[in-house]
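# Close look at the chain arrangement
The residues making up each chain are set out below.
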Amino acid sequence: MNIIMFGPPGAGKGTQAKRLEEALGAKQLSTGDMLRAELASGSEMGKALKTIMDAGQLVPDDVMVTLIKYAMESPDCASGVILDGFPRTLPQAEALDAMLKSSGKVIDHVLVLEVDDSILLSRIQKRAAETGGARSDDNAETLKKRLDVYHAQTAPILPYYDKQGLLRRIDGMAEMDDVTAAIEAAIGKKKAA
Ligand code: AMP
């Protein structure tokens, strides 16, 4: 099963994608995590990426498409993927479609975790405290830019999937376990007794 998870920064995509990974046996692919691994390597590429990410901007589409293409070719993605943070622009969504088509695969569900902007800041601040500030983009100023980018560039691709009948809207403000249950119901997977 191939799933895309959408949602603003701090919506809980990563947490829910991880839970789904365990439940479905599909592989979570977090483009943010991949980029942060490159940052941590201290490479020149990592330094350039850090500048973009700390500004709350998007990494160029061609870089992201190459990254995800390479990741999806890995054997552990054979039984399905949960895309967490990709696509973020319409060109990325179109590139993903072409990629899947050429390997005879389809997207089964597109999930949107809906969370009001007003509560994202406290979530991001909580994460920053819990992770000891591991992510330099988890601060009020960068969050504002990331949110602007989400609304301007990512949210407008939702109709693309809605037209295909794939979009499932999930209340991301519910309790974490209830969000998981809502996702499992939306994708037709019954919660284990
Ligand atoms: P995330 O961990 O998903 O919140 O991503 C952190 C940052 O990585 C984003 O604010 C972007 O700068 C960058 N990033 C992650 N995924 C993508 C993508 N699909 N396209 C462009 N930039 C991305």
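Heads up: the structure comes first, above all this text.
Residues numbered from 1 in each chain as written. Predicted model: local features only at pLDDT ≥ 70, side-chain atom pairs only at ≥ 80, totals over all residues. Heavy atoms only, no water.

## Focus on the packing of aromatic side chains
A full pass over the atoms with the stated rule returns 2 aromatic pairs. Ring geometry for Tyr 160 versus Tyr 161: centroids 5.1 Å apart, planes at 85 degrees, classification edge-to-face. When its relative accessible area of 0% is taken as the criterion, Tyr 161 is described as buried. Clustering of aromatic rings is evident, with ring pairs tying together Phe 6, Tyr 160 and Tyr 161. (Phe/Tyr/Trp six-rings, centres within 6.5 Å; stacked < 30°, edge-to-face > 60°. Buried < 20%, exposed > 50% of the residue type's maximum accessible area, 1.4 Å probe, protein only.)

## Some remarks on helix H5 (residues 90–102)
Across its 13 residues, H5 extends 19 Å between first and last C-alpha, which sits within 8% of the 18 Å expected from 1.5 Å per residue. Three or more residues of H5 are buried, namely Gln 92, Ala 93, Leu 96, Met 99 and Leu 100. Along H5, the residues classed as buried sweep out an arc of 125 degrees about the axis, all on the same side. Among the exposed residues of H5, those pointing more than 90 degrees away from its buried face are Lys 101 and Ser 102. (Helix = DSSP H or I, 4+ residues; strand = E, 2+ residues; numbered from the N terminus. Expected span 1.5 Å × (residues − 1). Arc of directions from axis to C-beta.)

Distances and angles like these do not, on their own, reveal function.
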